[in-house]
Amino acid sequence: MDIKFIKREELQEKPDQKKLGFGKYFADYMFTMDYDEGIGWHDATIRPYGPIEMNPATVVLHYAQETFEGLKAYRRADGQIQLFRPEMNARRMINSNERLCMATIPEDMFIEAVNALVKAEEDWVPSEPETSLYIRPFAFACESSLGVHKSKAYKFVIILSPVGAYYAEGLAPVKIMVEDEYVRAVQGGTGFTKCGGNYAGSIIGQVKAEKYGCSQVLWLDGRERKYVEEVGAMNIMFKIDGEIYTAPIEGTVLPGVTRDSIIHILRDWGYKVNETHLSVDDLMQAGRDGRLEEVYGTGTAAVISPVGALVYKGEEITINNFQIGELTQKLYDYLTGIQWGKVEDKYGWTRLV
Ligand code: COI
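Residues numbered from 1 in each chain as written. Predicted model: local features only at pLDDT ≥ 70, side-chain atom pairs only at ≥ 80, totals over all residues.

## Notes on the overall build of the chain
Thought 1: If you tally the helices and strands in the chain, you get eight helices and 18 strands.
Thought 2: Over its C-alpha trace the chain gives a radius of gyration of 20 Å, about what one expects of a compact globule, namely 20 Å for 353 residues.
Thought 3: On the principal axes, the C-alpha backbone points of the chain span a range of 60 × 50 × 35 Å.
Thought 4: Looking at the 353 residues of the chain, the share that counts as buried comes to 42%.
Thought 5: In the chain, the share of contacts with a sequence separation of at least 24, taken over all contacts with a separation of at least 6, comes to 70%. (Helix = DSSP H or I, 4+ residues; strand = E, 2+ residues; numbered from the N terminus. Rg over C-alpha atoms; globule rule 2.2 N^0.38 Å. Buried ≥ 20, exposed ≤ 12 C-beta atoms within 10 Å, placed from the backbone. Contact = placed C-beta atoms within 7 Å.)

Below is the structure:
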């Protein structure tokens with residue numbers, strides 16, 4: 001792929017790496033590429049980060065034909081930069097785009113674009129502990145038309161954001177509310193995709209959760225509101241009586257890259273991982289009985305996030321005295337050790353940029 005480069009007049013001052021938060025700062029350059037039916041993808045360009053001008057009738061503004069991804073570039077102790085399983089993001093985006101009838105970005109093109117942009121912006125990969133460069137590829141329908149049809153034109157964009165922890169709490173446990181009124185996904189819907197619409201529909205749960213002093217919402221299945229599925233910005237796992245439980249990937253749950261990696265690691269460590277439908281009633285009962293030993297979320301942004309309490313129908317269950325669990329900490333250290341190049345990558349998951 002030929003990538004054109006448009007130089008920026010003035011570079012920004014870099015933010016303080018100790019106060020990055022999540023998604024607040026953006027690197028100097030972004031990648032853009034256009035798609036037109038009959039032509040295919042064209043005009044791959046690395047250009048100054050800035051506004052994208054749109055006709056008010058652009059399809060995405062009306063019918064939300066949009067998908068996105070999230071991955072990170074990590075600064076190793078030796079100064080080199082590496083990505084973590086980027087091919088998983090490329091393939092997931094293909095699946096998302098197919099479900100939304102959007103033009104797909106071939107895996108090699110996706111990886112080449114990510115690599116080229118991160119290489120061009122390598123100074124933006126932070127080196128402070130617990131920091132990384134969050135990579136946000138996204139694609140949207142950009143034909144101008146109010147008819148509800150598959151768009152004939154798309155744009156693929158990648159932006160970069162130096163980040164610290166996703167939650168203000170850092171690695172301290174968060175409190176999560178189980179949502180019993182609204183649902184996030186149903187069988188046959190778009191739950192398994194990373195499309196903006198899934199998140200738009202979930203904000204109401206997030207608003208409710210915050211009212212109850214919770215950081216995020218835990219969604220139940222869309223049919224019976226009985227089985228636990230995933231959290232607003234991450235997948236979730238429960239350790240009950242020494243075994244791990246997490247929702248299966250059957251169409252409604254996002255197939256998280258961190259989720260998949262953690263399941264691999266856990267099975268290697270000899271844990272029984274049950275990818276199964278766990279009812280919220282059984283979960284709460286395990287909490288009441290003291291059998292719910294640890295709960296943690298997994299995600300690229302969230303990494304491994306301990307959950308210290310669950311709130312469901314007004315009842316609050318505390319997990320492990322609101323302390324990070326031993327296994328949660330071990331998983332966090334091991335996974336981030338691989339990602340930051342401190343632990344041997346025996347799975348071959350990292351890719352030097
Ligand atoms: C990610 O973990 O990369 C995500 O996309 C979650 C996001 C909604 C913050």
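## Comments concerning the packing of helix 6 (residues 257-268) against helix 8 (residues 326-339)
Thought 1: Following both chains from N to C, one finds helix 6 and helix 8 inclined at 110°, their axes separated by 11 Å at the closest point. Comparing their axes, helix 8 and helix 6 come out roughly perpendicular. For the crossing formed where helix 6 meets helix 8, the hand is right-handed. Between helix 6 and helix 8, the residues in contact are S261, I262 and I265 and L331, Y334 and L335, respectively.
Thought 2: Of the residues belonging to the contact of helix 6 with helix 8, the class tally is five nonpolar, one polar and no charged. (Axes fitted to C-alpha atoms, helices over the stretch in contact; angles between N-to-C directions. Parallel < 35°, antiparallel > 145°, perpendicular 65-115°, else oblique. Left-handed = near helix turned anticlockwise from the far one by under 90°. Nonpolar A, V, L, I, M, F, W, Y, C, P; charged D, E, K, R; others polar.)

## Some remarks on the packing of helix 2 (residues 86-99) against helix 3 (residues 107-120)
Thought 1: At their nearest, the axes of helix 2 and helix 3 sit 9 Å apart, and the two run at 125° to each other. One way to sum up the angle between helix 2 and helix 3 is to call them oblique. In this structure, helix 2 crosses over helix 3, and the sense of that crossing is right-handed. When helix 2 is examined against helix 3, the residues P86, E87, A90, R91, M93 and I94 are found in contact with a partner set consisting of E107, F110, I111 and V114.

## Observations concerning the site of the ligand
Thought 1: Surrounding the ligand, one finds G70, Y199, A233, G299, T300, A301 and A302.
Thought 2: A per-class count over the shell around the ligand returns four nonpolar, three polar and no charged. (Near = placed C-beta within 6 Å.)

## Thoughts on the pairing of strand 3 (residues 40-48)
Thought 1: Across two bridges, strand 1 (residues 4-5) lies against strand 3 in parallel orientation. Bridged to K4 within strand 3 is T45.
Thought 2: Direction of pairing for strand 2 (residues 29-36) relative to strand 3: antiparallel, over a ladder of seven bridges. Its bridge partner lying in strand 3, D36 is registered against G40.
Thought 3: Between the antiparallel neighbours strand 2 and strand 3 lie three residues, among them G38 with a positive phi of about 90°. (Pairing = 2+ DSSP bridges.)

## Focus on the UniProt feature "modified residue: N6-(pyridoxal phosphate)lysine" (unreviewed entry) in the chain
Thought 1: Per the UniProt record, "modified residue: N6-(pyridoxal phosphate)lysine" (unreviewed entry) is annotated on K194.
Thought 2: Considering the arrangement of structural elements, one finds K194 in the loop between strand 9 (174-178) and helix 4 (196-200).
Thought 3: The exposure class of K194 is buried, given the 23 C-beta atoms found within 10 Å.
Thought 4: Here K194 is in contact with T67, F68, E69, R92, S96 and L254, once residues within four sequence places are set aside. (UniProt positions renumbered as here; feature names shortened; annotations may be inferred.)

## Concerning the environment of Q187
Thought 1: Along the chain, Q187 falls in the loop between strand 9 and helix 4.
Thought 2: In the structure, Q187 is positioned 18 residues away from G205 in sequence and 19 Å away in space, judged by C-alpha atoms.
Thought 3: What Q187 contacts, discounting residues up to four positions off in sequence, is G251 and T252.

## Digging into the pairing of strand 11 (residues 228-231)
Thought 1: Here two bridges tie strand 10 (residues 216-220) to strand 11, and the two strands are oriented antiparallel to one another. Looking across to strand 11, one finds that L218 is bridged to V231.
Thought 2: One ladder, built from two bridges, connects strand 11 with strand 12 (residues 234-240); its direction is antiparallel. Across the sheet, the residue bridging to V231 is M234, located in strand 12.
Thought 3: Counted between consecutive antiparallel strands, the loop separating strand 11 from strand 12 contains two residues.

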